[in-house]
Amino acid sequence: MAPSATTTATTATQNGTTTLKAEKDPLMEFKYGGYKQVGPNSKDIYQIRIPEFRSLEDERAFRKLHQAAALRWLGAQGYNNEGAGGHVTVRDPILTDHFWINPHGKSFSHMRPEDLVLVSKDGEVKEGGNMHSINPAGFVIHSAVHEARPDVVAAVHCHSVASKAFSSLGCELEMINQDACRFYQDHGVYAGFGGIAWDPDEGEHIAAALGDTKGVILQNHGHLTVAKTVDGAAFLFGAMDRCIQAQLLADAAAAGRKTSTIKIGHEEALFSRNLYNDEMVYIMFQSAFEDVVRASNGELPMYVQGEIRRV
Ligand SMILES: [Zn+2]
């Protein structure tokens, strides 16, 4: 009797798994944040890592370059469509209670490092950056996040259409695909929308809902992500948005079929999440960074002076 389609598929999968295990290169191992071949020539292999810097001034230049690039990427992805809404902030490496923010009303898509505004924790625009107004709600939200999370460098928040729809449901992301696992037990929901965030209390409530996680879904508002690099925060922002889109689609399809989505188990979700450490989320953004730099026609460089590649 010919095997059923299901049996064939199962057998093929089993055979495929066996073959893959047998052919796995024993010299490949997972390194912190990337794959690296180990062996006699390992030092010759370049892998993307978060760089080091000769000075804090060089690190500041790096953070501003990557912040401008992250904003351009957000613009290219259509996140610039709420006018002055949406903000990216990066902690200053020298004045660590100050952060850099995009100027109020300027297009994300043309951002340069010299356009960024330096603001103190009290909301004062400081010399050394672009002397330009900033979005008051952006300051309220991001200053509270930077204050509450000294371990993170950057925060990204915009209003996507999918996020505006999903956040009205007041629920977390479900583990319905591999990519959602990046946020497994590692994001919050802020259920107490208190109006446009002009009141410092609103920022503090958002920071409290974020807790020590990667991101927070802001009910009736949108979402916000944080990381130790602006690259990582931008990657996680887009990643969370795509997970939101996938969950909306899957839930709608499941409702139409009068069924429910299949969830990934705890162990698998936890294992997958733990691969997305600080270095990994930085790495995940570097293809987008390259796209932005190449599209800038020389306005943005790939590297800053004093940037030291790590191997
Ligand atoms: Zn907002």
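The structure contained in this document is the topic of the report that follows. Keep in mind the model is a prediction, meaning the values are calculated, not measured. (Residues numbered from 1 in each chain as written. Predicted model: local features only at pLDDT ≥ 70, side-chain atom pairs only at ≥ 80, totals over all residues.)

**Things to note about the pairing of strand β9 (residues 187-190)**
In summary, the side chains of a regular strand alternate between the two faces of the sheet. Defined as follows: DSSP calls a pair of strands paired once it identifies at least 2 bridges connecting them. Under the DSSP-based scheme used, a helix requires at least four consecutive residues in state H or I and a strand at least two consecutive residues in state E, with every element numbered from the N terminus. The path from the first strand over the helix to the second decides the hand: if it runs clockwise while the strands point away from the viewer, the crossover is right-handed.
Pairing between β9 and strand β10 (residues 215-218): four bridges, direction parallel. Following the sheet pairing, Y190 is matched in β10 by L218. Crossover β9 to β10 through helix α5 (residues 200-210) is right-handed.

**Concerning the packing of helix α3 (residues 136-148) against α5**
Two quantities define a packed helix pair, namely the angle between the helix axes and the distance between the axes. Let me state the cut-off plainly: Helix axes are fitted only over the stretch in contact, all axes being lines through C-alpha atoms; the angle between N-to-C directions runs from 0 to 180 degrees. Angle categories: roughly parallel below 35 degrees, roughly antiparallel above 145, roughly perpendicular from 65 to 115, and oblique for all the rest. Crossing chirality is assigned from the near helix's rotation relative to the far helix, an anticlockwise turn below a right angle marking it left-handed and a clockwise turn marking it right-handed. Two residues qualify as a contact pair if the distance between their C-beta atoms, derived from the backbone, is within 7 Å. Asp, Glu, Lys and Arg are counted as charged, while Ala, Val, Leu, Ile, Met, Phe, Trp, Tyr, Cys and Pro are counted as nonpolar; the rest, among them Gly, fall into the polar class.
In contact at an axis separation of 8 Å, α3 and α5 are set at 45° when each is read in the N-to-C sense. Relative to α5, α3 is oriented oblique. Classified by chirality, the crossing of α5 by α3 is right-handed. Together, V140, I141, S143, A144, V145 and A148 of α3 and P200, E202, G203, E204, I206, A207 and L210 of α5 make up the contact between the two elements. Tallied by class, residues from the contact of α3 with α5 come to nine nonpolar, two polar and two charged.

**Re the sheet that holds strand β5 (residues 99-101)**
Strand pairing in a sheet takes place through backbone hydrogen bonds and is either antiparallel or parallel in direction. One open sheet accounts for eight strands, arranged β7-β6-β5-β4-β8-β11-β10-β9; its pairing is mixed. In the strand order of this sheet, the two ends are held by β7 (125-126) and β9, each with one partner. The pairing of strand β4 (residues 87-91) with β5 spans three bridges and is classified as antiparallel. If you follow R91 over to β5, its bridge partner there is F99. The strands touched by helix α2 (residues 56-76) within the sheet are β4, β5 and β8 (154-158), with β4 carrying the most contacts at an inclination of about 165°. Strands β9, β10 and β11 (222-227) of the sheet are contacted by α5, whose axis makes an angle of about 145° with β9.

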